[in-house]
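Next come the chains, spelled out residue by residue.
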Amino acid sequence: MRVETEISATVINKTHESPALTTKIMNMSCSGMRITSKAKIAKLNNKVNITMPLVIHDLERLVTMDCDVSYVKDDDESEFVYGLNIVEMDDDDELVLRGFIYQELLHGLHMI
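In this text, all values refer to a predicted model and were calculated from it rather than measured experimentally.

**Focus on the sheet that holds strand β1 (residues 3–13)**
Move 1: Here we have six strands rolled up into a closed barrel, ordered β1-β2-β3-β6-β5-β4, and antiparallel in their pairing. With strand direction ignored, the average angle separating the axes of adjacent strands in the sheet is 45°.
Move 2: Relative to strand β3 (residues 32–37), strand β2 (residues 21–28) runs antiparallel, the two sharing four bridges. Bridged to Asn 27 within β3 is Arg 34.

**Considering the pattern of salt bridges**
Move 1: The full count for this structure, using the stated rule, is four salt bridges.
Move 2: With a shortest N-O distance of 3.0 Å, Asp 66 and Lys 14 are connected by a salt bridge. Placement of Asp 66 in strand β5 (residues 59–73) and of Lys 14 in the loop between β1 and β2 is noted, with a sequence separation of 52 residues between them.
Move 3: On the basis of relative accessible area, Lys 14 is assigned to the partly exposed category, the value being 43%.
Move 4: The closest approach of N and O atoms between Lys 40 and Asp 74, which form a salt bridge, is 3.0 Å. Of this pair, Lys 40 sits in the loop between β3 and β4 (47–56) while Asp 74 sits in the loop between β5 and β6 (80–88); the two residues are 34 residues apart in sequence, bridging distant segments of the chain.
Move 5: For Asp 74, a relative accessible area of 30% puts it in the partly exposed group.

**Thoughts on the state of the cysteines**
Move 1: All told, the structure shown has zero disulfides when counted by the stated rule.
Move 2: Unpaired in this structure, Cys 30 has its nearest cysteine sulfur neighbour in Cys 67, at a distance of 13 Å.
Move 3: Accessibility expressed as a relative area gives 24% for Cys 30, which makes it partly exposed.

**Focus on helix α1 (residues 91–108)**
Move 1: Helix length check: α1, at 18 residues, gives a terminal C-alpha distance of 26 Å against a target of 26 Å (1.5 Å per residue), a fit within 8%.
Move 2: Next to the buried residues of α1 lie β1, β2, β4, β5 and β6.
Move 3: Of the residues flanking the start of α1, the one acting as N-cap is Asp 90, its side-chain oxygen 3.2 Å from the backbone nitrogen of Asp 92.
Move 4: Phi for His 110, located one or two positions after α1, is positive at around 60°.

The rules behind these values
Residues numbered from 1 in each chain as written. Predicted model: local features only at pLDDT ≥ 70, side-chain atom pairs only at ≥ 80, totals over all residues. Heavy atoms only, no water. Pairing = 2+ DSSP bridges. Helix = DSSP H or I, 4+ residues; strand = E, 2+ residues; numbered from the N terminus. Axes fitted to C-alpha atoms, helices over the stretch in contact; angles between N-to-C directions. Salt bridge = Lys/Arg side-chain N within 4 Å of Asp/Glu carboxyl O. Buried < 20%, exposed > 50% of the residue type's maximum accessible area, 1.4 Å probe, protein only. Disulfide = S-S within 2.5 Å. Expected span 1.5 Å × (residues − 1). Contact = heavy atoms within 4.5 Å. Polar contact = N/O pair within 3.5 Å; in protein donor to acceptor, adjacent residues only side chain to side chain.

Structure (C-alpha coordinates):
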(Lines give C-alpha, C1' and ligand atoms only; values in the text may rest on other atoms or scores of the structure.)
Protein backbone atom coordinates (compact mmCIF):
# COMPACT_ATOMS: atom_id res chain seq x y z
CA MET A 1 0.00 0.00 0.00
CA ARG A 2 1.38 3.40 -0.99
CA VAL A 3 1.31 6.60 1.04
CA GLU A 4 1.46 10.10 -0.39
CA THR A 5 4.53 12.12 0.63
CA GLU A 6 6.52 15.21 -0.27
CA ILE A 7 9.93 14.28 1.07
CA SER A 8 13.11 15.84 -0.31
CA ALA A 9 15.79 13.24 -0.96
CA THR A 10 19.19 12.80 -2.55
CA VAL A 11 19.69 10.39 -5.43
CA ILE A 12 22.86 9.08 -7.07
CA ASN A 13 22.78 7.14 -10.34
CA LYS A 14 25.04 4.15 -9.60
CA THR A 15 24.91 2.94 -13.21
CA HIS A 16 26.46 6.16 -14.53
CA GLU A 17 28.23 7.23 -11.29
CA SER A 18 26.52 10.62 -11.28
CA PRO A 19 26.91 13.30 -8.62
CA ALA A 20 24.19 13.55 -5.98
CA LEU A 21 21.02 15.27 -7.19
CA THR A 22 17.95 16.48 -5.30
CA THR A 23 14.61 14.81 -5.87
CA LYS A 24 11.17 14.77 -4.29
CA ILE A 25 9.46 11.55 -3.20
CA MET A 26 5.79 11.83 -4.15
CA ASN A 27 4.58 8.48 -2.84
CA MET A 28 6.15 5.39 -1.36
CA SER A 29 5.53 1.88 -0.12
CA CYS A 30 7.68 -0.77 1.54
CA SER A 31 8.78 -1.94 -1.92
CA GLY A 32 9.11 1.22 -4.03
CA MET A 33 8.36 4.87 -4.70
CA ARG A 34 7.58 7.55 -7.26
CA ILE A 35 9.99 10.47 -7.42
CA THR A 36 10.12 13.70 -9.42
CA SER A 37 13.01 15.90 -10.40
CA LYS A 38 13.73 19.03 -12.41
CA ALA A 39 16.82 17.29 -13.82
CA LYS A 40 17.15 14.01 -15.69
CA ILE A 41 18.33 11.45 -13.14
CA ALA A 42 18.28 8.05 -14.82
CA LYS A 43 17.16 5.80 -17.64
CA LEU A 44 14.99 2.71 -17.43
CA ASN A 45 16.71 -0.19 -15.59
CA ASN A 46 19.46 2.04 -14.14
CA LYS A 47 20.48 1.44 -10.53
CA VAL A 48 20.18 4.39 -8.16
CA ASN A 49 20.93 5.02 -4.51
CA ILE A 50 18.48 7.23 -2.63
CA THR A 51 18.84 8.80 0.82
CA MET A 52 15.96 10.46 2.64
CA PRO A 53 15.04 11.69 6.11
CA LEU A 54 12.07 9.87 7.66
CA VAL A 55 10.35 11.10 10.82
CA ILE A 56 8.51 8.71 13.13
CA HIS A 57 6.94 10.44 16.16
CA ASP A 58 9.48 13.30 16.31
CA LEU A 59 12.40 10.91 15.74
CA GLU A 60 14.24 11.61 12.46
CA ARG A 61 16.48 9.03 10.79
CA LEU A 62 18.34 9.09 7.47
CA VAL A 63 17.42 6.05 5.40
CA THR A 64 19.44 4.85 2.38
CA MET A 65 18.49 2.23 -0.18
CA ASP A 66 19.45 0.93 -3.61
CA CYS A 67 16.70 0.86 -6.22
CA ASP A 68 16.08 -0.17 -9.83
CA VAL A 69 14.43 2.38 -12.12
CA SER A 70 11.24 0.67 -13.34
CA TYR A 71 9.46 3.64 -14.95
CA VAL A 72 10.58 6.86 -16.64
CA LYS A 73 8.38 9.71 -17.85
CA ASP A 74 10.52 12.36 -19.48
CA ASP A 75 8.25 13.85 -22.12
CA ASP A 76 7.71 17.01 -20.04
CA GLU A 77 11.01 18.93 -19.97
CA SER A 78 10.02 20.80 -16.78
CA GLU A 79 9.62 17.68 -14.63
CA PHE A 80 10.91 14.13 -14.85
CA VAL A 81 9.02 11.29 -13.12
CA TYR A 82 10.55 7.98 -12.06
CA GLY A 83 9.25 4.76 -10.57
CA LEU A 84 11.73 2.97 -8.33
CA ASN A 85 11.73 -0.59 -6.96
CA ILE A 86 13.71 -1.07 -3.76
CA VAL A 87 16.27 -3.85 -4.22
CA GLU A 88 18.57 -3.49 -1.22
CA MET A 89 18.64 -1.77 2.16
CA ASP A 90 20.00 -2.69 5.55
CA ASP A 91 17.73 -4.09 8.26
CA ASP A 92 17.71 -0.92 10.39
CA ASP A 93 16.72 1.26 7.41
CA GLU A 94 14.00 -1.21 6.43
CA LEU A 95 12.58 -1.10 9.95
CA VAL A 96 12.46 2.73 9.86
CA LEU A 97 10.83 2.68 6.39
CA ARG A 98 8.16 0.21 7.51
CA GLY A 99 7.49 2.22 10.66
CA PHE A 100 7.09 5.39 8.60
CA ILE A 101 4.71 3.72 6.12
CA TYR A 102 2.55 2.27 8.92
CA GLN A 103 2.51 5.64 10.70
CA GLU A 104 1.35 7.42 7.54
CA LEU A 105 -1.34 4.77 6.90
CA LEU A 106 -2.66 5.28 10.44
CA HIS A 107 -2.60 9.08 9.98
CA GLY A 108 -4.68 8.64 6.83
CA LEU A 109 -7.24 6.67 8.83
CA HIS A 110 -7.18 9.32 11.62
CA MET A 111 -6.11 6.67 14.10
CA ILE A 112 -3.07 8.60 15.38
